[in-house]
Number of protein chains: 4
Amino acid sequence: ENADELRFQKDTLTHRLKDTESKNQTLEAQLSDLQQRLKSTQLEREAYQKSLRSLLELLDSKIFELTELRDTLAKLIEGS
Amino acid sequence: ENADELRFQKDTLTHRLKDTESKNQTLEAQLSDLQQRLKSTQLEREAYQKSLRSLLELLDSKIFELTELRDTLAKLIEGS
Amino acid sequence: ENADELRFQKDTLTHRLKDTESKNQTLEAQLSDLQQRLKSTQLEREAYQKSLRSLLELLDSKIFELTELRDTLAKLIEGS
Amino acid sequence: ENADELRFQKDTLTHRLKDTESKNQTLEAQLSDLQQRLKSTQLEREAYQKSLRSLLELLDSKIFELTELRDTLAKLIEGS
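The present account deals with the structure reproduced in this document. Model, not experiment: these values are computed from the prediction.

## Topic: the relation of the copies chain A and chain B
Structural alignment of chain A on chain B gives an RMSD of 0.2 Å, achieved by rotating through 180° and translating 0.0 Å along the axis. Both chain copies can therefore be described as sitting about a two-fold axis. Every residue of chain A has its C-alpha some distance from the rotation axis, and the shortest such distance is that of Ile63 of chain A, at 3.2 Å. Comparing contact sets, 100% of the residues at the interface of chain A also lie at the interface in chain B, consistent with an isologous, same-surface contact.

Here it is, written out as structure tokens:
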């Protein structure tokens, strides 16, 4: 290899390295964005589960109150 | 007592007896009517109780179905 | 009719009148008792209806609260 | 620059390029994995919403049936 040939190879490698590093940065940005979205999805999901759990407790209390009403009706029927 | 006096007393008694017997019939009719009303009131009441008992059974099944729905929601919350 | 015959008829009538008056008192007592029972039955019935009306109002409020819960669930499903 | 110096620079660049390309592959694998997880999270979420929607419809029918029961009770109270 003479110096001209080596200089040409060096320039080619420098160019490819820059391209690859640039692509790398793009990928890292995409990865960071996706991780952010996954995390916010997870947080939304937890908030959602919490709302559903409150709803379940409310439903429990409504079923309990309907059962009390049912017992009152049963006593009225028995007692008359 | 002479015969005239006795005859007068007899007539008076006959008149009072008729009045009392007439009143008797009226009372018996009222009594019969009232017994009829009491009986029909009793029958209405039994029919009413029967309707209420059907309603109670229906309410029981609705509470049961709401409890099943509640369990399905609880499983959805747990499983996610 | 001679006086003896009339006297006999008078005694017979007096006896029948007493019997009839006695039966009358019995009927009046039965009638009064029945009227009392009918009245107390009516009062019980009104108290019963009042209890059922309270129950109906309670059921209305439970249905209303279940409907609110349903709307909350619908909003959670829409919003997510 | 003489040939030795250029050869050294060429080797260094070749090494850096390989490192960067290797990191690139790692990043692409992570990105693909994350996209897969986000997609499966999305699918789970849609299945979950579908289950909740079924539950809401069931709750609607239970509220409707309780309202019918309530109307039956109201008619019983009115009619007696």
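Let's pick the thread back up.
## Concerning the interface of chain A and chain B
Every contact between the two is made by 18 residues of chain A and, on the other side, 18 residues of chain B. The largest per-residue losses of area from chain A upon contact with chain B belong to Leu56, Arg70 and Ile77 of chain A, which jointly make up 32% of the total buried on that side. Where Arg70 of chain A meets Asp60 of chain B, a salt bridge forms, and the shortest distance between an N and an O atom there is 2.4 Å. For the pair chain A and chain B, the interface holds four residue pairs in polar contact (both at pLDDT 80 or more).

## A short note on the relation of the copies chain C and chain B
Each of the two chain copies can be brought onto the other by rotation about an axis and movement along it. With an RMSD of 0.1 Å, the operation that places chain C on chain B is a rotation of 180° combined with a shift of 0.0 Å along the axis. Both copies contact each other with a shared surface, as 100% of the interface residues of chain C are interface residues in chain B too.

## Re the side chain of Thr41 of chain A
By the secondary structure assignment, Thr41 of chain A is in helix α1 (residues 3-79). The class of Thr41 of chain A is buried, set by a relative accessible area of 16%. With residues near it in sequence (within four places) discarded, Thr41 of chain A still touches Thr41 and Arg45 of chain D.

Conventions and cut-offs
- Residues numbered from 1 in each chain as written.
- Chains lettered and ligands numbered in written order.
- Predicted model: local features only at pLDDT ≥ 70, side-chain atom pairs only at ≥ 80, totals over all residues.
- Heavy atoms only, no water.
- Least-squares fit on C-alpha atoms with pLDDT ≥ 70 in both.
- Contact = heavy atoms within 4.5 Å.
- Buried area = accessible area lost by both parts, 1.4 Å probe.
- Salt bridge = Lys/Arg side-chain N within 4 Å of Asp/Glu carboxyl O.
- Polar contact = N/O pair within 3.5 Å; in protein donor to acceptor, adjacent residues only side chain to side chain.
- Helix = DSSP H or I, 4+ residues; strand = E, 2+ residues; numbered from the N terminus.
- Buried < 20%, exposed > 50% of the residue type's maximum accessible area, 1.4 Å probe, protein only.

These figures come from the coordinates and say nothing about function on their own.
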